[in-house]
Amino acid sequence: MITGVCHCGACHWTLEGDPGAITACNCTLCRRYGVLWAYDDADERIHVTGPMRTYTHAGMPDPTLEILFCPTCACVVAWRGLKKREDGRLRIAVNVRLAPPEAVADLAIDHFDGLNTSEDLPADGRCVRDMWF
Ligand SMILES: [Zn+2]
């Protein structure tokens, strides 16, 4: 299990099992936050806890997700879908930048073009370690 914690320690996430590839996205939110995402469904392999506040895309008439962040230290903890899918599940992704570096350093990066095409880009061999700084 991998655990992430915000800077002040109030908010946590856990992810059980293999997180798979980690997503780096260039959308207007991810670019600003500098986040790297691991995905699953809420309350299945991923659990989030803490006094999180939420942000939904300002000015978007029908937002599909909310950002969860710590109200004290402002770390982005996760995003979570606002509507359940047909199977009753709710998509969630946690920010692996909150994990200990050694726990996630070797995970492969998937580049997702959330800004223009909403498609995955070809893998370029980078892993989380290459994205830290
Ligand atoms: Zn915090």
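Before reading on, note that the structure itself is shown above.
Here the structure is a predicted model, which means the values were calculated and not measured. (Residues numbered from 1 in each chain as written. Predicted model: local features only at pLDDT ≥ 70, side-chain atom pairs only at ≥ 80, totals over all residues. Heavy atoms only, no water.)

Draft legend 1. Broad picture of the pattern of salt bridges. Counted by the stated rule, this structure contains eleven salt bridges. Across the salt bridge formed by aspartate 87 and arginine 89, the nearest N and O atoms sit 4.0 Å from each other. Here aspartate 87 falls in the partly exposed class, since its relative accessible area comes to 47%. Close ionic contact of arginine 126 with aspartate 124 constitutes a salt bridge, the shortest N to O distance being 2.8 Å. Judged by its relative accessible area of 37%, arginine 126 falls in the partly exposed class. Sharing partners across several salt bridges, the network here consists of Asp41, Glu44, Arg85, Asp87, Arg89 and Arg91. (Salt bridge = Lys/Arg side-chain N within 4 Å of Asp/Glu carboxyl O. Buried < 20%, exposed > 50% of the residue type's maximum accessible area, 1.4 Å probe, protein only.)

Draft legend 2. Geometry of the coordination of the zinc ion. Of the protein atoms, only Cys6 (SG), Cys8 (SG), Cys70 (SG) and Cys73 (SG) coordinate the zinc ion, at distances of 2.2 to 2.4 Å. What the four donor atoms of the zinc ion show is an angle range of 105 to 118° at the metal, which sorts the shape as tetrahedral. Written as a sequence motif, the donor residues of the zinc ion are C-x1-C-x61-C-x2-C. (Donors = N, O, S within 2.8 Å, 3.2 Å for Na, K, Ca; no water. Tetrahedral: all angles 85-135°; square planar, octahedral: opposite > 155°, others 65-115°.)

Draft legend 3. Local environment of the pairing of strand S8 (residues 76-81). Most of S8 sits inside the fold, with five of its six residues counted as buried. When strand S7 (residues 65-69) meets S8, the two strands line up antiparallel, connected through five bridges. From the neighbouring strand, isoleucine 67 faces S8, where its bridge partner is tryptophan 79. In this antiparallel pair of consecutive strands, S7 and S8, the connection spans six residues, and alanine 74 shows a positive phi of 75°. Relative to strand S9 (residues 91-95), S8 is paired through three bridges, and the arrangement is antiparallel. By the bridge assignment for S9, tryptophan 79 is matched with alanine 93. (Helix = DSSP H or I, 4+ residues; strand = E, 2+ residues; numbered from the N terminus. Pairing = 2+ DSSP bridges.)

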